[in-house]
Amino acid sequence: MRLFQLAHRILFFVERKIFKNSIAKENNNKPFLSIGESLLFDNFFLNVRLPKEGKIYLKIGENSMIGGAFSFESPTGHVIIGNRVYIGGGNIICNNKIEIEDDVFISWGVYLFDNDSHSLDYKHRLIDMDNHLKDWRKGLNNYNTSKDWSNVKSAPIKICKYAWIGMECKILKGVTVGEGAIIGAGSVVTKDVEPWSIVGGNPAKLLKMIPENLRKR
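Residues numbered from 1 in each chain as written. Predicted model: local features only at pLDDT ≥ 70, side-chain atom pairs only at ≥ 80, totals over all residues. Heavy atoms only, no water.

Caption draft 1: Geometry of the overall build of the chain. Scanning the chain from N- to C-terminus turns up two helices and 20 strands. Looking at the chain as a whole, 37% of its 217 residues qualify as buried. Intrachain contacts of the chain at a sequence separation of at least 6 include 31% that bridge at least 24 residues. Accessible area for the chain stands at about 12,700 Å²; split by element, carbon and sulfur atoms hold 57% of it. (Helix = DSSP H or I, 4+ residues; strand = E, 2+ residues; numbered from the N terminus. Buried < 20%, exposed > 50% of the residue type's maximum accessible area, 1.4 Å probe, protein only. Contact = heavy atoms within 4.5 Å. Areas by Shrake-Rupley, 256 points an atom, 1.4 Å probe, with all protein chains shown as cover.)

Caption draft 2: Spotlight on the packing of aromatic side chains. According to the stated counting rule, one finds six aromatic pairs in the structure shown. The interplanar angle of 65° and the centroid separation of 5.7 Å between the aromatic rings of Phe41 and Tyr86 together place this pair among those described as edge-to-face. With a gap of 45 residues between them, Phe41 in the loop between β2 (39-40) and β3 (45-48) and Tyr86 in strand β8 (residues 86-87) connect regions that are remote in the sequence. In this structure Phe41 comes out as partly exposed when scored by relative accessible area, which is 22%. (Phe/Tyr/Trp six-rings, centres within 6.5 Å; stacked < 30°, edge-to-face > 60°.)

Caption draft 3: How the structure looks around a nonpolar patch on the surface. A cluster of nonpolar side chains, contributed by Met65, Tyr86, Phe105 and Trp164, occupies part of the molecular surface with about 410 Å² of accessible area. Structurally, the position occupied by Phe105 is in strand β11 (residues 105-106). (Patch = residues over 30% accessible without salt bridge, like charges linked within 9 Å, V, L, I, M, F, W, Y side chains within 5 Å. Salt bridge = Lys/Arg side-chain N within 4 Å of Asp/Glu carboxyl O.)

Caption draft 4: Representation of the sheet that holds β3 in the model. On the basis of which strands lie adjacent, the open sheet formed by six strands has the order β3-β6-β9-β12-β15-β18 and parallel pairing. Strands at the two margins of the open sheet, each flanked by one partner only, are β3 and β18 (188-189). The sheet contact formed by strand β12 (residues 110-113) and strand β15 (residues 170-172) spans three bridges and is parallel. When the bridges of β15 are listed, Tyr111 appears paired with Lys170. (Pairing = 2+ DSSP bridges.)

Caption draft 5: Quick peek at the nonpolar core. Phe70, Ile81, Ile100 and Val177 are the most contacted members of the largest nonpolar core, which totals 36 residues. Residue assignment for this core shows that the elements contributing at least two residues are β1 (33-35), β4 (58-60), β6 (69-72), β7 (79-81), β10 (98-100), β12 and β13 (157-159). The contact partners of Phe70, leaving out residues within four places of it in the chain, are Phe44, Phe45, Leu46, Asn47, Leu58, Val79, Ile81, Ile87 and Ile92. (Core = buried A, V, L, I, M, F, W, Y, C linked by side-chain atoms within 4.5 Å.)

Caption draft 6: Examining the pattern of salt bridges more closely. Enumeration over the complete set of coordinates arrives at six salt bridges. Here Glu101 makes a salt bridge to Lys158, at a shortest N to O gap of 3.4 Å. Here Glu101, found in the loop between β10 and β11, pairs with Lys158, found in strand β13; they are 57 residues apart in sequence, far enough to count as distant. Owing to a relative accessible area of 30%, Lys158 belongs among the partly exposed residues under this scheme. A salt bridge links Lys123 to Asp121, with the shortest nitrogen-to-oxygen separation between them at 3.2 Å. On the basis of relative accessibility, which here comes to 45%, the residue Lys123 falls in the partly exposed class. Residue Asp121 is classed as partly exposed on the basis of its relative accessible area, which comes to 24%.

Caption draft 7: Region of the structure containing the sheet that holds β10. The six strands lie next to each other as β1-β4-β7-β10-β13-β16, forming an open sheet whose pairing is parallel. Among the strands making up the open sheet, the edge pair consists of β1 and β16 (176-177). The sheet contact formed by β10 and β13 spans three bridges and is parallel. Looking at the pairing, Glu99 lines up with Lys158 of β13.

Caption draft 8: Broad picture of the side chain of Ser119. If you trace the backbone, Ser119 turns up in the loop between β12 and α2 (122-137). Polar side-chain contacts of Ser119 include one of 3.0 Å to the side chain of His124. In this view, Ser119 contacts His124, Arg125, Asn151 and Val152; residues no more than four positions away in its chain are not counted. (Polar contact = N/O pair within 3.5 Å; in protein donor to acceptor, adjacent residues only side chain to side chain.)

This is the structure we're talking about:
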C-alpha cells in the first residue's frame, strides 16, 4: 500500500510538471481558444463549425480543469470560464454567450444550451431540413452551413461563483445560476436559481436554502 501511494504521488508530480510546463503553453497556440495555466482533460473537444477568422470562442482562466465538448454551430457565440473551475465533462452548446465564474464545480454529463436549436414555427423547421439536405448533397461536413439562425431564440447563460452543478443536469437558455447555488443531479433548469439555494427536479424547483453559516461572507 505504501509503495502504491508513493507511486501515485510520483505520478501526480510528473503530471503536474507536464501540466505547468507544456499543456497550457501548447493549447495557447490552438485557434479559437485562449487558456491560462489550466488543464484540459482527454475528453475535451472544441468544435467550431463555421469559424470567424481571428475570433476567440472559448476563454479559460487560471488553475481550472476542463473536460467536455464545446460546440459553436454558428459564427456567433462566446464561452468564458473563470479561475479554479472544474468541468468533468458533458456538452456546452453556444450560439450566444455562456459565462462560468470562478470556483464553480460542474460534474460529468451536464448540458448547457443557450439556444433552442430550431424555431417554434414548424415551417422554419421544414426549411432547416431542406438546408441540411442541400449541405449534405454538396458534400459539406457541416449540415448547418446554410441554416438561418435568425429564427432561433437564444439568451445568455451565467453560472455564478461557488455554484455546484450535479451530474447530468441540463441548463437551458437565459438561466442565471446564483452565487453558491447547488443543482441536484439530473435536474432540468429553465428559470433563474437563487443564490445559496438548492434546487432539483424537472423542471428544477427550490428544495431548501443553504444555511447562513455555510455561505460565503
